[in-house]
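# Residue-level structure breakdown
Given next are the chains, with one letter for each unit.
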Amino acid sequence: MFDHDFIEKIAEATAARVSKMLMKEPEPTKNRRRVDGVRGIADFLHCSSATAQGMVNAGKFPIYRIGRKIFAFSDEIENGIRENSREGRLQQNRASTEEEISTKAAAYSSKHQNNGR
């Protein structure tokens, strides 16, 4: 039913291509450097360790782990911060929906209903 020679040739060709791909060195990104640990990220961003840890926990940029050690790449940190700040601005500038306004009004009314008497 199957041509075993043909399947073997495909397997060999695939193995050769995969081997070449694995041996190939990735192209270095311009101005990319590895930033080690939360303290390194904080130094890179000129912020506190607590702020850097918060960004790591929030997933603002990709983090890599080797055991308990973490690191990030400078270009990915910059891109992540840039993307997240853009999304934040878009979120702040959007208009509230009628449902959101109604929900906020109901919450305000129930909170302050006894204060007016």
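This structure is a prediction, so every number in the text was calculated from the model and none was measured. (Residues numbered from 1 in each chain as written. Predicted model: local features only at pLDDT ≥ 70, side-chain atom pairs only at ≥ 80, totals over all residues. Heavy atoms only, no water.)

### Focus on the overall build of the chain
Helices and strands together make up the secondary structure of the chain, namely five helices and three strands. Traced from its N-terminal end to its C-terminal end, the chain shows the element sequence α-β-α-α-β-β-α-α. Relative to its 117 residues, the chain shows a buried fraction of 15%. The contacts of the chain with a sequence gap of at least 6 include a subset with a gap of at least 24, amounting to 46%. Roughly 10100 Å² of accessible area belongs to the chain as shown, and the carbon and sulfur atoms make up 54% of that amount. (Helix = DSSP H or I, 4+ residues; strand = E, 2+ residues; numbered from the N terminus. Buried < 20%, exposed > 50% of the residue type's maximum accessible area, 1.4 Å probe, protein only. Contact = heavy atoms within 4.5 Å. Areas by Shrake-Rupley, 256 points an atom, 1.4 Å probe, with all protein chains shown as cover.)

### A word on the confidence of the model for the chain
Overall, the predicted model of the chain reaches an average pLDDT of 82, with 80% of residues at or above 70. For the chain, per-element mean pLDDT is lowest for helix α4 (residues 74-93), which scores 76, and highest for strand β1 (residues 34-36), which scores 96. (pLDDT = per-residue confidence, 0-100.)

### Some thoughts on the pattern of salt bridges
A complete count under the given rule lists four salt bridges for this structure. Of the charged contacts, one joins R32 and E76 as a salt bridge, the two residues approaching to 2.9 Å between their closest N and O atoms. Residue R32 is located in the loop between α1 (4-23) and β1, and its partner E76 is located in helix α4; the two are separated by 44 residues in the primary sequence. Assessed through its relative accessible area of 18%, E76 is described here as buried. Residue R39 pairs with D43 through a salt bridge whose shortest N-O separation is 3.0 Å. Taken together, the residues span about one helical turn, with R39 and D43 both in helix α2 (residues 37-45) at a distance of four residues. (Salt bridge = Lys/Arg side-chain N within 4 Å of Asp/Glu carboxyl O.)

### Examining the packing of aromatic side chains
Geometry of an aromatic ring pair is reported as the spacing of the ring centres plus the angle between the planes. Per the counting criterion, the structure on display carries three aromatic pairs. Here the aromatic rings of Y64 and F71 are separated by 5.5 Å at their centres, their planes lie at 25 degrees, and the arrangement is stacked. Taking relative accessible area as the criterion, Y64 reaches 30% and is therefore assigned partly exposed. Joined through ring pairs, the aromatic side chains of Y64, F71 and F73 make up one cluster. If you follow R32 out to its NZ or CZ, it ends over the ring of F73, 4.1 Å from the centre. Directly above the aromatic system of F71 lies the positively charged group of R34, at a separation of 4.0 Å from the ring centroid. (Phe/Tyr/Trp six-rings, centres within 6.5 Å; stacked < 30°, edge-to-face > 60°. Lys NZ or Arg CZ within 6 Å of the ring centre and 35° of its normal.)

### Notes on the environment of N84
If you trace the backbone, N84 turns up in helix α4. According to the relative accessible area criterion, N84 is partly exposed, its value standing at 24%. Taking the C-alpha atoms as reference points, N84 and K60, 24 residues apart in sequence, are found 6.7 Å from one another.

### A closer look at the nonpolar core
Among the nonpolar cores identified, the biggest contains eleven residues, and these are V35, V38, I41, A42, F44, A52, V56, F61, I70, A72 and I77. Listing elements by their share of this core, those giving two or more residues are α2, α3 (49-58) and β3 (69-73). With four residues, α2 is the largest single contributor of residues to this core. Setting aside residues no more than four positions away along its own chain, V35 makes contact with G40, I41, F44, F71, A72, S74 and I77. (Core = buried A, V, L, I, M, F, W, Y, C linked by side-chain atoms within 4.5 Å.)

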